[in-house]
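Spelled out, the chains give:
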Amino acid sequence: MSIDTIVFLILAAASIISAILVITRRSPIISVVYLVFNFIILAIIYLTLHAQFIAVIQVIVYAGAIMVLFLFVVMLLNFAKEEMLTEKVTYKKRIAIGLAVVMSVQIIIGISTSFGEHPNQLSPVATQIGTVEHIGKVLFTQYLLPFEITSILLLAAIIGAVVLAKKRIG
Amino acid sequence: MIPLNYYLALSAILFSIGVVGVLARRNAIIVFMSIELMLNSVNLTLVAFSAYLGNATGQIFVFFVLTVAAAEAAVGLAIIIALFRNKMTVNIDEINIMKW
Amino acid sequence: MVMQEYIGFVVLFPFIGFLINGLLGSKIKSEKIIGSIGSGVIGIGFAIAVVIFFQMLASPVENRSHIIEIFNWINVGSISINVAYQVDQLSIIMTLVVTGIGFLIHVYAIGYMHGDKGYWRFFAYLNLFIFMMLNLVLADNFLLMFLGWEGVGLCSYLLIGFWYDKKFEKGTTNDAAMKAFVVNRVGDFGFLIAMFLIFITFGSLNYETVFGRAAVFSVGDATIFWIALLLFVGATGKSAQIPLYVWLPDAMAGPTPVSALIHAATMVTAGVYMVARASVFFALSPSVMLIVAIIGALTAILAASIGLVQNGIKKVLAYSTISQLGYMFLALGVGAFATGLFHVVTHAFFKALLFLGAGSVIHALHNEEDIQKMGGLKSKMPTTYKTFVIAALAISGIPPLSGFFSKDEILWKVFDAGYWPLWILAAGGAALTAFYMFRLTILTFEGSPRWDKDKHPHEAPEVMTVPLIILAVLSVVGGFIGIPAALGGGNAIEHFLDPIFERSNSILALGHHDVVPTEYILMLLSVVIAVVGILFARHIYLNRKDIAEKLSEKYSGIHNLLWNKYFVDEIYDATILTPTVKASDKLLWKFFDIGIIDGAVNGTAKLINIFSSYTRRMQAGFTQSYATYFVAGIIIILAILIIR
């Protein structure tokens, strides 16, 4: 049991627990907080994979921007406390849990029995490809077009959000 | 070293938890958050592959997924606000107009 | 000018008359015009037929049969049926009878139906009837004959129920009309099956083709047996023999000209014609011939016995018709085809006369039909009386009137063929015929008047008496076309019809005998029987009515039986009608129609309803349920991928 494995197991357990807590809490604000926590755990996992850029971006964009947006909306809409997932387990919830379990089992089986061996170790160049420098280089040369298109996508999203949420006059 | 399969298994579990959230909760915001959870699990898969195969493409993909997720979250929340204004509820059980 | 080609007009003109009177009749206000059109078209047909007849007589025997094609009717696969008319000796005789007697009755009806609100309808239907009847007798194939067969049945229905709002016995005239139609239908079913058999066996429905091919079959062949038997079933329906005669007495609900034309002279003889035309089949089936003869004889005496005690003037005549038709079938059954047709012709004369005379009486007494309320009309209606007596003498078989020759010929042929039990029945029937006929005459015309004092009977107008006189003349001289060799004649009609029955006669191996003394003895015997019957009737009903009453009391059981027509109608009702109606109601209607058929249709709809109410829930508009189906689908796909 090397240190890597222990670290990984701790991080994995934390993310799973926080994910379950996200979907089972009664109050939306608590769910938001746990989701932020889950994202930060994920960022740490990315760091163990030497994906520095992604880890930082995850914290800044996801945990910092998107979840703040969620929080704003939650507080704006001012919900009443809602039932938890575990209360009044109706057949809908049972079906959902059942289906999800089946699906996860299937995926895991699929992964383990799939063709070709998966590498057991980090690739030797892992430390180099995760740097900001490398990502930036690849992004602005090889994937320039998708990059530019993404900016248009963001523009569309901004306009859409503004239009949809605007208060109609009259 | 940790085999790749572990990361993939973690991702699968997170994905499934996200699915449960989407199918079983009534509050639209929680459903949205579950969707974010699912997207993140996919991100984890991509980064894991990228690290183990030595290819930066995975991480570039994650970059774009992040961007799109942000855009989608913004627009989706705007829709929810508009919906709330009209129906005074975000309980998706009561929003059943998407039918024939 | 070869007149046969104009045979089409003989048939067409009555149809034109039907169209004119039918479509425009309600607009034409003059009865004279309607009547003239109605009678005129028949008259023209008769004239043409007469010319054809004389041309036929003038041409050699081999040349006497022609087929005139009008148009091609059905042409499907191997079936090709034309509307074509076969003008030969048999059909020309029938045509002459139909158009000739038809014309006289049309003229009579101009007077009889005077003032009726359906005047134009009457003549339209009568013309249609003549059209159909001509198609029947002139057809050159079984299908066209069947068309005419059904057509006359239809016209019979229309005309029996002509006064559709009139009460009749226990119901309305419509009940009588329906009865006629339905009973006919039973017979028609037999005819239809026979036609199918004919087509299967011979591949064609043309007389020439079928009879030519039939001649090579052996006697007693099973298929021919069934064909003949089923054809005879059809004949019993149309010609009112046992067991399908029950409609004819009820058919008297119609106006008297209808009874005279359809139910005495023409339609009811269609069965006789059909058997005669298809004589080859019968000659090839001795068992069926025997059946025909037996039924003919039984019907003859049965109907005569019922006629003895009836009190409706038309009822007596109806049973008399059934009885006389029995004689015709008896003749056919023993192989005397030409004789049967001879009796058709003479019977048409005197029976039509009897009915028209009865109509004259009914008309004079303002629709009184009960002979117990008649009497003493001799002086009031001399022409009617005289012609009626002539007809009564003819039907009783008194020489030298026509009925003597034809009926006597039948009796002789029956005896000569060896069927003396049937001869006894026939002779008995003849005795009864004479008796009841004169009972009718005396009670109607002679004795003291028993009618209401406010009725003023008077002689009928000329338009009605002239046909009576003409028919009386025919009844007297009509027999001379068939004077048998025994009395020095050449039996013209039998020789005339010989070529028609050549095949059948050769199969039956009947020969023309020399004259034997037995024939004279029997002739004398039948005359004596008739005379005795007449005198007996005169004695009772003129002088000693009390004998009649005493007899009916003493034999009240038999009297009751006869008066109730042997309860045949009631028996049919109980055994056939009521069970059929009940079965249709309970079993077929409630069980099959409502339960099974409706149930299947409605049940399918219900099933789909139930099914759709389940599948409807899949699209309730809840996004989460859609997502659930997504995931379920993903699981299935993953499963497939894993299994691969």
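Throughout this description, residue numbers start from 1 for each chain and increase along the sequence as written. Throughout, the order in which chains and ligands are written sets their labels, letters from A for the former and numbers from 1 for the latter. Given that the model is predicted, a residue must reach a pLDDT of at least 70 before its local features are reported, and side-chain atom pairs must reach 80 or more before they are shown or counted; all residues, however, enter totals for whole chains, interfaces and linings. With hydrogens and water stripped out, all remaining heavy atoms of the structure feed into the side-chain values.

Summarise the overall build of chain C; cite the residues concerned and give the values.
Counting from the N terminus, the helices are the DSSP runs of H or I reaching at least four residues and the strands are the DSSP runs of E reaching at least two. Tallying secondary structure elements over chain C gives 26 helices and four strands in all. Seen through its C-alpha atoms, chain C measures out along the principal axes to roughly 115 × 65 × 55 Å. Expressed as a percentage of the 644 residues in chain C, the buried residues total 54%. Taken as two groups, the 41 positive and 40 negative side-chain charges of chain C have centres that lie 10 Å from each other. Think of it in three bands: residues with accessible area under 20% of the maximum for their type are buried, residues over 50% are exposed, and the middle band is partly exposed, with areas taken using a 1.4 Å probe on protein chains only. When charges are counted, neither His nor the chain ends are considered; positive counts come from Lys and Arg and negative counts from Asp and Glu. Here the site of a charge means atom NZ of a Lys, CZ of an Arg, CG of an Asp or CD of a Glu.

I'd like a rundown of the layout of surface pockets, residues and numbers included.
All names here are of chain C. The way it works is a 1 Å grid over only the protein atoms, where trapped points that fit a 1.4 Å probe form a cavity and open points with protein on both sides within 12 Å along at least five of seven lines form a pocket, and then any residue with an atom within 4 Å of a point lines it. Grid points are joined across faces, edges and corners, and a volume is the space filled by probe spheres set on the points. Looking at the largest pocket, its volume works out to about 1,000 Å³. Lining the largest pocket are 31 residues, and of these Lys179, Val246, Asp250, Lys565 and Asp569 lie nearest its centre. If one sorts the elements of the lining of the largest pocket by residue count, helix H6 (residues 173-202) sits on top with seven residues. Three classes are used, and their members are as follows: Ala, Val, Leu, Ile, Met, Phe, Trp, Tyr, Cys and Pro are nonpolar, Asp, Glu, Lys and Arg are charged, and the others, Gly among them, are polar. Here the lining of the largest pocket is built from residues that sort into 14 nonpolar, six polar and 11 charged.

Give a description of the nonpolar core that names residues and reports values.
Within this scheme, the nonpolar core is defined by two criteria: the residues are buried Ala, Val, Leu, Ile, Met, Phe, Trp, Tyr or Cys, and they are joined through side-chain atoms within 4.5 Å. The biggest cluster of nonpolar side chains holds 189 residues, and the ones touching the most others in it are C:Phe142, C:Phe281, C:Phe282 and C:Leu497. Looking at this core element by element, the count peaks at 18 residues for helix H15 (residues 337-364) of chain C. Discounting residues that sit within four places of it in the chain, C:Leu497 has contacts with C:Gln89, C:Leu90, C:Ile93, C:Ala338 and C:Leu341. Core analysis: the next-biggest nonpolar cluster, separate from the first, contains 81 residues, A:Leu11, A:Leu42, B:Ile2 and B:Phe64 among them. Throughout, a residue-residue contact means that at least one pair of heavy atoms, one from each residue, lies within 4.5 Å.

Describe the packing of helix H4 (residues 91-113) of chain A against helix H26 (residues 623-643) of chain C, naming the residues involved and giving the relevant values.
Interaxial angle, 0 to 180 degrees, is taken between N-to-C directions of lines fitted to C-alpha atoms, where a helix line uses only the stretch in contact. At their nearest, the axes of H4(A) and H26(C) sit 10 Å apart, and the two run at 25° to each other. What the angle tells us is that H4(A) and H26(C) run roughly parallel. Here H4(A) and H26(C) pass one another in a crossing that is left-handed. Residue-level contacts link A:Lys92, A:Ile95, A:Leu99, A:Val102, A:Met103, A:Gln106, A:Ile107, A:Ile109 and A:Gly110 of H4(A) to C:Gln624, C:Thr628, C:Val631, C:Ala632, C:Ile634, C:Ile635, C:Leu638, C:Ala639 and C:Ile642 of H26(C). Split into classes, the residues belonging to the contact of H4(A) with H26(C) amount to 13 nonpolar, four polar and one charged. Throughout this description, any angle smaller than 35 degrees is read as roughly parallel, any larger than 145 degrees as roughly antiparallel, any in the 65 to 115 degree range as roughly perpendicular, and the remainder as oblique. Each crossing is labelled by how the near helix is turned from the far one, with a counterclockwise turn of less than a right angle marking it left-handed and a clockwise turn marking it right-handed.

Give me empty space enclosed by the protein: which residues, what numbers.
Residue and element names in this part refer to chain C. Scanning all chains against the criterion turns up three cavities of 30 Å³ or more. Lining the largest cavity we find Ser396, Gly397, Gly403, Phe404, Lys407, Asp408, Leu411, Ala430, Ser526 and Ala530. Elements represented by at least two residues in the lining of the largest cavity include exactly helix H17 (402-416) and helix H22 (517-543). Here the lining of the largest cavity takes five residues from H17, the largest share from any one element. Every residue along the wall of the second largest cavity is listed here: Tyr245, Val246, Pro249, Asp250, Tyr319, Lys565, Val568 and Asp569.

Please set out the confidence of the model for chain B residue by residue, giving values where relevant.
On a scale of 0 to 100, pLDDT captures the predictor's confidence in every residue. A residue-level look at chain B finds 93% of positions with pLDDT of 70 or above and a mean pLDDT of 87. Element-level mean pLDDT values for chain B span from 90 in helix H3 (residues 57-87) of chain B up to 92 in helix H2 (residues 28-53) of chain B.

An account of the side chain of B:Ser34 is needed here, citing residue identities and associated values.
Tracing the sequence through the fold places B:Ser34 in helix H2. Note on B:Ser34: relative accessible area 0%, which makes it buried. If near-sequence neighbours (up to four positions away) are discounted, B:Ser34 is found in contact with A:Ile23, B:Gly18, B:Gly21 and B:Val22.

Which residues make up the pattern of salt bridges, and what are the values?
All names here are of chain C. Note on definitions: salt bridges are taken to be side-chain nitrogens of Lys or Arg within 4 Å of carboxyl oxygens of Asp or Glu. Tallied over the entire structure, the rule returns seven salt bridges over all chains. Aspartate 250 serves as the salt-bridge partner of lysine 179, at 3.0 Å between the closest nitrogen and oxygen. You can see lysine 179 sitting in helix H6 and its partner aspartate 250 sitting in helix H9 (residues 247-250), a full 71 residues away along the chain. When its relative accessible area of 11% is taken as the criterion, aspartate 250 is described as buried. Ionic pairing is found between lysine 413 and glutamate 409, a salt bridge with its closest N-O pair at 3.2 Å. Within this pair, lysine 413 and its partner glutamate 409 are both found in helix H17, separated by four residues, close to a single helical turn. A single network of salt bridges, built from pairs that share partners, joins Glu150, Arg185 and Asp188.

For the pairing of strand S2 (residues 79-87) of chain C, give the residues involved together with the corresponding values.
In regular strands, side chains alternate between the two faces of the sheet. All names here are of chain C. When you tally the buried positions in S2, you get seven out of nine residues, the bulk of the element. Across nine bridges, the pairing between strand S1 (residues 66-76) and S2 is antiparallel. Its bridge partner lying in S2, asparagine 72 is registered against asparagine 82. What sits between S1 and S2 in their antiparallel hairpin is a turn of two residues, with glycine 77 showing a positive phi close to 60°. Paired strands, as defined in this entry, are two strands with at least two bridges between them according to DSSP.

Requested: an account of a positive patch on the surface, with residues and values cited.
Taken together, the side chains of A:Lys166, A:Lys167, A:Arg168 and B:Arg85 present a region of like positive charge at the surface. Tracing the backbone shows A:Lys167 in the segment after helix H7 (144-165). Judged by relative accessible area, which is 63%, A:Lys167 ranks as exposed. Exposure above 30% relative accessible area and no salt bridge define the residues that can form patches, which grow by joining like charges within 9 Å and nonpolar side chains of Val, Leu, Ile, Met, Phe, Trp and Tyr within 5 Å. Accessibility throughout is a Shrake-Rupley quantity obtained with a 1.4 Å probe, and a residue counts as covered only by protein chains that appear here.

Let's hear about helix H6 (residues 132-141) of chain A: which residues, and what values?
Listed in full, the buried residues belonging to H6(A) are A:Ile135, A:Val138 and A:Leu139. Take H6(A) and look down its axis: the buried residues cluster within an arc of 100°, on one side only. Every exposed residue of H6(A) that faces more than 90 degrees away from the buried side is listed here: A:Glu133, A:Lys137 and A:Thr141. On its buried face, H6(A) is in contact with helix H3 (52-77), helix H5 (126-129) and H7 of chain A together with H3 of chain B. Throughout, the arc means the angular range of directions from the helix axis out to the C-beta atoms.

Explain the packing of aromatic side chains residue by residue, including any values.
Residue and element names in this part refer to chain C. Aromatic pairing here means that ring centres of Phe, Tyr or Trp (its six-membered ring) are within 6.5 Å. Orientation follows from the plane angle: under 30 degrees is stacked, over 60 is edge-to-face, and everything else is tilted. Here the structure, examined in full by the defined rule, presents 38 aromatic pairs over all chains. Measuring from ring centre to ring centre gives 5.9 Å for phenylalanine 15 and phenylalanine 18, while their planes differ by 35°; the resulting arrangement is tilted. A residue pair is termed a helical-turn pair when its members lie 3 or 4 positions apart in one helix, as phenylalanine 15 and phenylalanine 18 do in helix H1 (residues 7-24) at three residues. Classification of phenylalanine 15 by relative accessible area gives partly exposed; the value is 27%. Seen from their ring centres, phenylalanine 162 and tryptophan 163 are 6.5 Å apart, and the 55° between their planes marks the pair as tilted. According to the relative accessible area criterion, phenylalanine 162 is buried, its value standing at 1%. A network of ring pairs unites the aromatic residues Tyr119, Phe122, Phe123, Tyr125, Phe162 and Trp163 as a single cluster. Over the ring of tyrosine 327 we find lysine 407; its NZ or CZ atom is 5.2 Å from the centre of that ring. As a reminder, the over-ring test applies to NZ of lysine and CZ of arginine, requiring each to be within 6 Å of the ring centre and within 35 degrees of the ring normal.

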